[in-house]
Each structure stands twice: as C-alpha cells, then as structure tokens.
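Chain and residue survey
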Amino acid sequence: MTAAALDANTRTLTRPAPLNRLIEASFDASNVVPGAGVTGEAICPICYDAVTLPIKFGCGHAYCGACIHHFLTSTSTFPLVCMGDEDTCHVPIPIPVIQRFLPIEQFTNLLETAFIALIDHHPQDFKHCPTPDCRQVYRCTTSDAASIIHCPSCLSSVCSACHEESHEGMTCEERKLNDDRNEQERLNDEFATQSGFKKCPQCAVWIEKTEGCNHMACKCGAHICWVCMGIFDAASVYQHMHTAHGGFHDVDGNGAELLFQRENFAEQQEALRQVALRRAQLAQQQLRREAEDEQDRLIRAQQILHARAREQARVRDEAHRQDLEDQARIAEFNRRAEDVRRAEQARIHRRAAEQAAGWGFAVVMGVVGVLLVI
C-alpha cells in the first residue's frame, strides 16, 4: 500500500490510539475458536440461519464459514467487528480470521480499503495529495502551524493548512485574498478612486486627468464631462460644461475655484479658438517638416541610386578593359607560337636541303671512283 503521510521531513502516518488497541486485540488468535462449543441451535448473525461450518469468536458468537468469508470480501464498513446480539457486540474481528479466509491479494485490498475509510472518516486530520491519481496522504495542520509539504510521488507542493498550492511568503488568508478576483477588483477600484481615477462610462477604462479642461476624450471615442462623467458629442460638451458647471476648468473636478467665470464665456471661446488655430498651425508645420523630410529622403535615395549606377558602370568598364587585355595577351601568345612554328619549319627545310646536298656529292664521288678503277 503506497498511501502514506507526506511532508518536508517525510513524516509517516500515525494511527490513532483506539485503532492501535483494536489492531493489537485483533492479533490475539486465542479469540478464535473454530467450531468449539457450537451447537446446532446457534444462529449466524449474517444469514440468520443455523450455523454451518462454524467459526466461533472469543466473544462467543459463531458464524457460518461461507458467511464470514463473503462478509470479509464485500464489506466497506470499518472497523470490522462482530455483529452478534443484533449488531450490538462490536468486538473486533481478529486479523488471523481475516487472513485465514482471504488470499493475500484480497487481504491487501481490504487493508487499503480500511486505510482509505480511515482517511475519509477523518477529513479534519488527513488529506489526499491534490494531484490527480496521486495516492499520497498528508496530515493537516492549523494555520498557526502551517508548513509546506512536498509530495514524494508527484513532487508537488501543498500547504498543510489551506490545502492549496504552496504560497511561501504569504499567509493562507493573504493567499486566499490574492486569488479572489472579486476582492482584487474591489481593492483596485478603491485604490484607483482614491488616487483620482475615474472609469469611462462607455468602455469602463480607467481615466486620469492630469491637466487641462474638464472635457475628456476617451480612446473609445466618447467625449466626457469630467465633473458629472456624462457622455456628449464633441460639439455640445463645452456648452454642457458652461451651462451645468459654470465653466470648463476647475481645481478638483467638482466645480470649485473656477478659472473662467460665466461672464467670460466669450473670452473662453476665443481662447479655445486661438488654441485650435495654434494647433492647426503646428499641424501644418509638422506636415511641412514631414514633406521636407520626405523630399530629402527621395534626394538621398536618388543620390544613392546614381552612386550605385556609377559604380556599376565602373565595374563594367573595368571588366571590358580586362577582357581587352586578355584578348591582347592571347593574340601575342598566338603570334609567338606562330613564329616558333615557322622557325621550326624553316629549320626542318634547311636540314632536309643539307641532307639532300650531301647525298649528291657522295653519288658523284662514287661514280668517279668507279671510272678510275675501270
């Protein structure tokens, strides 16, 4: 059986004292008396019929051999106790009896079932490892004695108090608060509100006003009055601020200490017109600068293209010159080869002529010699 307690120090599962006493008592084989003193009148507490092939426990109650075997192989209720006297006896069934009726595999399965039942009946003391299919068990602790437990099977880490993933550096309450999305959202909203932020009434994005008038333009396209957070179009928002709040600017966003009073509405309009005009001038200047930059970029690009064209022409001229030099060297080589060939032919002709002249002289001398002899 692999289920065992797990923690950083590899603690083992400790059985409660009553369980220890039950186990020690169940090992007392003297409590098992097969068939001793059993009469035909004995009634099996399981089948409520006359006992056959009796097994008598130390408490005096007898069972049919087949009934006790079926009970031990099918039970899911623990501890295993005698059911005599209409299920009031409750003397533990000895472990030797269990081993006698069960093969080793079934006996092992029964022990595992008993162990799991013990864990399930003490949820405040023991917990299963939270990893699916992991059979390890660990002992629970209070939040005051919380510790990080490391499973020896799946190597996961768990808090022994809150039974969640390990959260070193945080208490269980802090970890719970950190995972509570609603609470985190509430705290964020509270902090943002205290810091002077407001939510756009159209898209709920947080907005901060740092300077300027109370006309706020959100990225979603909404035109908002910062004082009442109403949504208007761009043409009516200033009229609303003038009528409802007495001006466009204030100190705290609530209509206090207006920088422009109602009687100065025309001046405010003129100031806004001047601002718009100045913005238009700046925009035109920006466009001119961008056009000039674009023109400069085009000129630089053309210069680069011309430089590349000149370089390509130089490379072509250099290649043509190299070709001409190669052709001249080849022609010179061919001319010299032809001169050598002609000189060799002339030498051969001279040698042939000399050889021919030598043969003629020899013939003449031979004829003269013959004549002298005659």
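Residues numbered from 1 in each chain as written. Predicted model: local features only at pLDDT ≥ 70, side-chain atom pairs only at ≥ 80, totals over all residues. Heavy atoms only, no water.

On to the overall build of the protein, then. The number of helices and strands found in the protein is nine helices and 12 strands. Scored against the burial criterion, the 374 residues of the protein give a buried share of 23%. Intrachain contacts of the protein at a sequence separation of at least 6 include 32% that bridge at least 24 residues. A total of about 25700 Å² of accessible surface is found on the protein, and carbon and sulfur atoms cover 56% of it. (Helix = DSSP H or I, 4+ residues; strand = E, 2+ residues; numbered from the N terminus. Buried < 20%, exposed > 50% of the residue type's maximum accessible area, 1.4 Å probe, protein only. Contact = heavy atoms within 4.5 Å. Areas by Shrake-Rupley, 256 points an atom, 1.4 Å probe, with all protein chains shown as cover.)

Attention now moves to the packing of aromatic side chains. Describing an aromatic ring pair means giving the distance of the ring centres and the angle of the ring planes. Taken as a whole and judged by the stated rule, the model has one aromatic pair. On the basis of an interplanar angle of 35 degrees and a centroid distance of 5.0 Å, the ring pair of Phe57 and Tyr63 is categorised as tilted. Taken individually, Phe57 and Tyr63 each receive the classification buried, so the pair is uniform in this respect. Between the NZ or CZ atom of Lys198 and the centre of the ring of Trp226, over which it lies, the distance is 4.7 Å. (Phe/Tyr/Trp six-rings, centres within 6.5 Å; stacked < 30°, edge-to-face > 60°. Lys NZ or Arg CZ within 6 Å of the ring centre and 35° of its normal.)

This part is about the nonpolar core. Counting 23 residues, the largest nonpolar core has Phe57, Ile68, Leu72, Leu80, Ile93 and Ile98 as the members making the most contacts within it. Secondary structure elements with two or more residues in this core: β2 (54-57), β3 (62-64), α2 (65-74), α4 (95-101) and α5 (104-120). Sequence-distant contacts of Leu72, that is, excluding residues within four places in its chain, are made with Leu80, Val97, Ile98, Phe101, Leu102 and Leu110. Counting residues in hydrophobic clusters, the runner-up holds eight residues, among them Met216, Cys218, Ile224 and Trp226. (Core = buried A, V, L, I, M, F, W, Y, C linked by side-chain atoms within 4.5 Å.)

Moving on, we come to unusual backbone geometry. If a residue is not glycine, its phi is most likely negative; likewise, a peptide bond is most likely trans. Phi angles above zero are rare outside glycine, and Glu86 is one such case at about 55 degrees. Among the secondary structure elements, Glu86 is positioned in helix α3 (residues 84-87). Positive phi values are uncommon outside glycine, yet Asp133 reaches one of about 70 degrees. Of note, Asp133 is situated in the loop between β4 (126-128) and β5 (137-139).

A full pass over the atoms with the stated rule returns 12 salt bridges. For Arg321, the salt bridge is made with Glu325, and the minimal N-O distance between the two is 2.3 Å. Of this pair, Arg321 and Glu325 both sit in helix α9 (residues 265-373), four residues apart, which is roughly one turn of that helix. Its relative accessible area of 36% is what places Arg321 among the partly exposed residues. On the basis of relative accessible area, Glu325 is assigned to the partly exposed category, the value being 30%. Residues Glu332 and Arg335 are paired through a salt bridge, measuring 2.4 Å at the closest nitrogen-oxygen approach. Pair noted here: Glu332 and Arg335 are both in helix α9, with a separation of three residues, about one helical turn. Taking relative accessible area as the criterion, Glu332 reaches 28% and is therefore assigned partly exposed. Salt bridges here are not isolated pairs; linked through shared partners, they connect Glu332, Arg335, Arg336 and Asp339. (Salt bridge = Lys/Arg side-chain N within 4 Å of Asp/Glu carboxyl O.)

On to the sheet that holds strand β10 (residues 215-217). Taken in spatial order, the three strands line up as β10-β11-β12 in an open sheet, and their pairing is antiparallel. Looking at which strands have only one partner, the edges of the open sheet turn out to be β10 and β12 (231-232). Relative to strand β11 (residues 223-225), β10 is paired through three bridges, and the arrangement is antiparallel. Residue pairing in the sheet places Met216 in a bridge with Ile224 of β11. On top of the sheet, helix α8 (residues 237-245) reaches β10, β11 and β12; it is set at about 10 degrees to β11, its chief contact. (Pairing = 2+ DSSP bridges. Axes fitted to C-alpha atoms, helices over the stretch in contact; angles between N-to-C directions.)

By the alternation rule, side chains of β2 split into Ile55 and Phe57, which are all buried, and Pro54 and Lys56, of which none is buried. Pairing between β2 and β3: three bridges, direction antiparallel. Bridge pairing in β3 places Lys56 opposite Ala62. If you look at the hairpin formed by β2 and β3, you'll find four residues sitting between the two strands, and Gly60 has a positive phi there, around 100 degrees.

Our focus in this paragraph is α2. Buried residues of α2: Gly65, Cys67, Ile68, Phe71 and Leu72, and no others. In a view along the axis of α2, the buried residues occupy a sector of 165 degrees, so they form one face of it. Across from the buried face of α2, at angles greater than 90 degrees, the exposed residues are Ala66 and His70. Those residues of α2 hidden inside the fold are in contact with β2, β3, α4 and α5. (Arc of directions from axis to C-beta.)

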